[in-house]
Amino acid sequence: MAYSEVQIEELKGYCKKVGALTELGIDLLYLEALRLPAGCTPEVCDALLCPVAKDGYSSRLYFSQQINGRFARNWNGTVRIGEKNWYAFSWKVELSAPTLAQILLAHLNGFAKEK
Amino acid sequence: MSADRYSRQSFLGPDAEELIARYTVAVPGLGGGGSHIVQQFAHIGFQNYVLYDGDAVEESNLNRLIGAKQADAMAETPKLHLAKMMIYDLQPHAKIRGFACNWQEHPEPMRECQIVIGCVDSYKGREELEIACRRYLMHYIDIGMDVHGTDRPVIGGQIIQSSPGGLCMRCMGFLTDEKLAQEAARYGKAGARPQVVWPNGVLASTAVGMAVDLVTGWTRKCRSHAYLVYDGNEGTVSESITLRNLKTPCRHFSTADVGDPILVEL
Amino acid sequence: MKLLIKLTGALHAEMLHDLTRKHPFAAERVGFVTARIGTLADEGRLILLTGYHSIPDSEYVNDPSVGARIGSDAITWAMQAAYHGRPRREGIFHVHIHGHRGETGMSGVDSREIPPMIPGFQGVGRYAAHGIIILSLNHGSTWVWLPGQQEPVQADSMAVIGAPVQVFNHGRKK
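A brief report on the enclosed structure follows.

Conventions we followed
Residues numbered from 1 in each chain as written. Chains lettered and ligands numbered in written order. Predicted model: local features only at pLDDT ≥ 70, side-chain atom pairs only at ≥ 80, totals over all residues. Contact = placed C-beta atoms within 7 Å. Helix = DSSP H or I, 4+ residues; strand = E, 2+ residues; numbered from the N terminus. Nonpolar A, V, L, I, M, F, W, Y, C, P; charged D, E, K, R; others polar. Pairing = 2+ DSSP bridges. Core = buried A, V, L, I, M, F, W, Y, C linked by C-beta atoms within 7 Å. Buried ≥ 20, exposed ≤ 12 C-beta atoms within 10 Å, placed from the backbone. Expected span 1.5 Å × (residues − 1). Arc of directions from axis to C-beta. Axes fitted to C-alpha atoms, helices over the stretch in contact; angles between N-to-C directions. Parallel < 35°, antiparallel > 145°, perpendicular 65-115°, else oblique. Left-handed = near helix turned anticlockwise from the far one by under 90°.

Turning next to the interface of chain B and chain A. In this assembly, 18 residues from chain B lie in contact with 19 residues from chain A. The set of elements that each furnish at least two residues to the side of chain B that touches chain A consists of α5 (123-135), α6 (177-186) and β9 (264-265) of chain B. Per-element tally for the side of chain B that touches chain A: the top contributor is α6(B), with four residues. Partitioned by chemical class, the residues of the side of chain B that touches chain A number 11 nonpolar, three polar and four charged. By the bridge criterion, two bridges tie strand β1 (residues 17-23) of chain A to β9(B) in an arrangement that is antiparallel. For Gly19(A), the partnering residue across the bridge sits in β9(B) and is Glu265(B).

The next thing to look at is the nonpolar core. One finds Val25(B), Ala207(B) and Ala211(B) to be the most contacted residues of the largest nonpolar core, which totals 125 residues. Ranked by residue count, the leading element in this core is helix α7 (residues 197-216) of chain B, at 10 residues. Setting aside anything within four residues of it in sequence, one finds Ala207(B) in contact with Ile37(B), Ile117(B), Ile141(B), Ile143(B) and Ile159(B). If you look at the next biggest cluster of nonpolar residues, it comprises 27 residues, including Cys50(A), Leu61(A), Phe89(A) and Leu100(A).

Below, the discussion takes up helix α2 (residues 72-84) of chain C. Residues and elements named next belong to chain C. For α2, spanning 13 residues, the distance from its first C-alpha to its last is 18 Å, which sits close to the expected 18 Å at 1.5 Å a residue. Among the residues making up α2, those that are buried are Ala-74, Ala-78, Ala-81 and Ala-82. Down the axis, α2 shows its buried residues gathered within 100° of arc, on one side only. Looking at α2, the residues exposed on the side facing more than 90 degrees away from the buried face are Ser-72, Asp-73, Thr-76 and Gln-80. Elements in contact with the buried residues of α2: β2 (30-39), β3 (45-54), β5 (69-70), β6 (91-97) and α4 (118-124).

Taken together, the 27 residues of chain B in the interface contact 23 residues of chain C. The element best represented in the side of chain B that touches chain C is α7(B), accounting for three residues. Considering only residue class, the side of chain B that touches chain C consists of 12 nonpolar, nine polar and six charged.

This brings us to the arrangement of the chains. In this assembly, two pairs of chains are in contact, and the pair contributing the most contacts is chains B and C. Taking C-alpha atoms only, the smallest gap left between chain A and chain C, which are not in contact, amounts to 10 Å.

Residues and elements named next belong to chain A. Put simply, helix α1 (residues 5-12) and helix α2 (residues 100-112) touch, their axes get as near as 8 Å, and they point 35° apart. Taken together, the residues of α2 that come into contact with α1 (itself represented by Gln-7, Glu-10 and Leu-11) are Leu-100, Ala-101 and Leu-104. Looking at the contact of α1 with α2 residue by residue, the classes come out as four nonpolar, one polar and one charged.

Moving on: the sheet that holds strand β3 (residues 95-99) of chain B. Residue and element names in this part refer to chain B. Spatially, eight strands are ordered β3-β2-β1-β4-β5-β6-β7-β8 in an open sheet, and the strand pairing comes out mixed. Both edges of this open sheet fall to β3 and β8 (236-239), since each of them pairs with a single strand only. Each strand axis lies, on average, 15° off the axis of its neighbour in the sheet, ignoring direction. Bridge count for strand β1 (residues 24-28) against strand β2 (residues 48-52) is five bridges, and the pairing is parallel. What sits directly across from Val-27, in β2, is Leu-51. Of the strands in this sheet, β1, β4 (115-118) and β5 (139-148) touch helix α2 (residues 32-44), which is tilted by about 160° from β1. Helix α4 (residues 79-90) contacts β2 and β3 of the sheet and is inclined by roughly 175° relative to β3.

It is worth spelling out the sheet that holds strand β2 (residues 26-35) of chain A at this point. The five strands are arranged β4(A)-β3(A)-β2(A)-β1(A)-β9(B) in an open sheet whose pairing can be described as antiparallel. The sheet is open, and its two edges are formed by β4 (60-63) of chain A together with β9 of chain B, each paired on a single side. Across the sheet, α2(A) is in contact with β2, β3 (44-50) and β4 of chain A; its angle to β3(A) comes to roughly 120°.

Residue and element names in this part refer to chain C. Among the 10 residues in β2, nine count as buried, and that is most of the element. As paired strands, β2 and β6 are joined by six bridges and run antiparallel to one another. Following the sheet pairing, Ala-35 is matched in β6 by Gly-91. Alignment of β2 against β3, held across nine bridges, turns out to be antiparallel. Looking at β3, one finds that Val-33 is bridged to Tyr-52. Linkage of β2 to β3, two consecutive antiparallel strands, is achieved through a turn of five residues, within which Asp-42 is found at a positive phi near 55°.

All names here are of chain B. Running from N to C, α2 and α4 cross one another at 15°; their axes reach a closest spacing of 8 Å. Here α2 is positioned roughly parallel relative to α4, judged by the angle of their axes. By crossing handedness, the relation of α2 to α4 is classed as right-handed. Of the residues in α4, those touching α2 at Ser-35, Val-38, Gln-39, Ala-42 and His-43 are Ala-83, Met-86, Ile-87 and Leu-90. Its residues assigned to classes, the contact of α2 with α4 comprises six nonpolar, three polar and no charged.

In structure tokens:
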């Protein structure tokens, strides 16, 4: 796993547990019971963070189910990773040398902003 | 059943009938390509099937969906039911496990198969099938067609064999990050893609031939991979130029990818 | 509960080639295979063989009373492989070949000598499957100790995913 312990520990502040999953050479981070921003239903959800470029996105946050938030989102990322089905909405994140937590928060920000 | 039934395919080998009957094939997608495949498998003598498709017959399918009739479009017959009836009409004792959904909703039965023929319509779908086939050790044969251009339409297609331990669709140059990214960007914007029966027939027949060879070994070619390109305008099927000077082994899958995924707690 | 074994054609060929080689004094050869688990429907299991380890000639013990006896170095390799395989839940299978055609079973010596190894593998790799594979010239039988199980289950079939595909069903005589 290519990510530093410090960054992993920082991620743990947002969920119950952090796990590592590798598929097709990409290291993904499993976030068990990730706490979602206010206004989301459910309030907590398992998630998979892909911090590197994949499928046209510089990073992506997948959820174990589609989330109802304050704003409508284009849930265009129905994928199968690690023999589970995951869902992501279209949200581009452009950051310069971000930490894992910064990437996570930037994606969660997708629930808070109208566009 | 008469001994004559398979006499015309005796060139496949003395044990071919028994071998064909012994193995299990999966066909995710029973549309224009999958319906051809299922029909041919039934004719040849395959007995064990795992099938997936959650769609029903529509009017727009009738130009290419093998076995579908006008009444099926009116009745919205499930494509799975159509496929099962087609098989049972030829093989009354066939064992069919059918799922009216995508394979991703019920992936476990497919893992028991030896051969999976993918008739899906997205690069992402193909990638996911290939990953599953590498995890659970199945031969994966992929078919697909497309029509490009409106003024001068060009029909293209592919038949690909991706086998555990052999070159994958990325190695062979079919799946690329660029294609996947472009497809992701187009999601929800693409309309109905052009589809016609005869290219589907060419692709499906070629795929079935590959599967029969994997089962019987009748050509003695022992292929570890294949990438055939269909030119629907010229009417040719030929090996993709991307296979020239291709290095082995596969750079994308390894034994680390075999088996249930392991989540390591950090 | 369905229990299936799968391996690639290349791995099967590697095993056959190695196990049919002549040994300077042993009548049979022995190897070890690593394996991972796949989940099937209705709590069935798929055992996916991933790699083969040939035991060097020097690690056999000259014992004419049995077909082959491997020494402590060979066992140590297997135990270490079970240990290092823990993160991937990768287990160890003892494999050898009976030189006839058709389905094969354990000989009296096999039943006496091989199963006692398994608890050691299980002690080191608790979450992996371990077991015994006996090949014949055109078949293969497998006994699997699933994680946490003290008794083995014989696999329903072994599928060699090569070109051509081969499937060896338990209970099939040919």
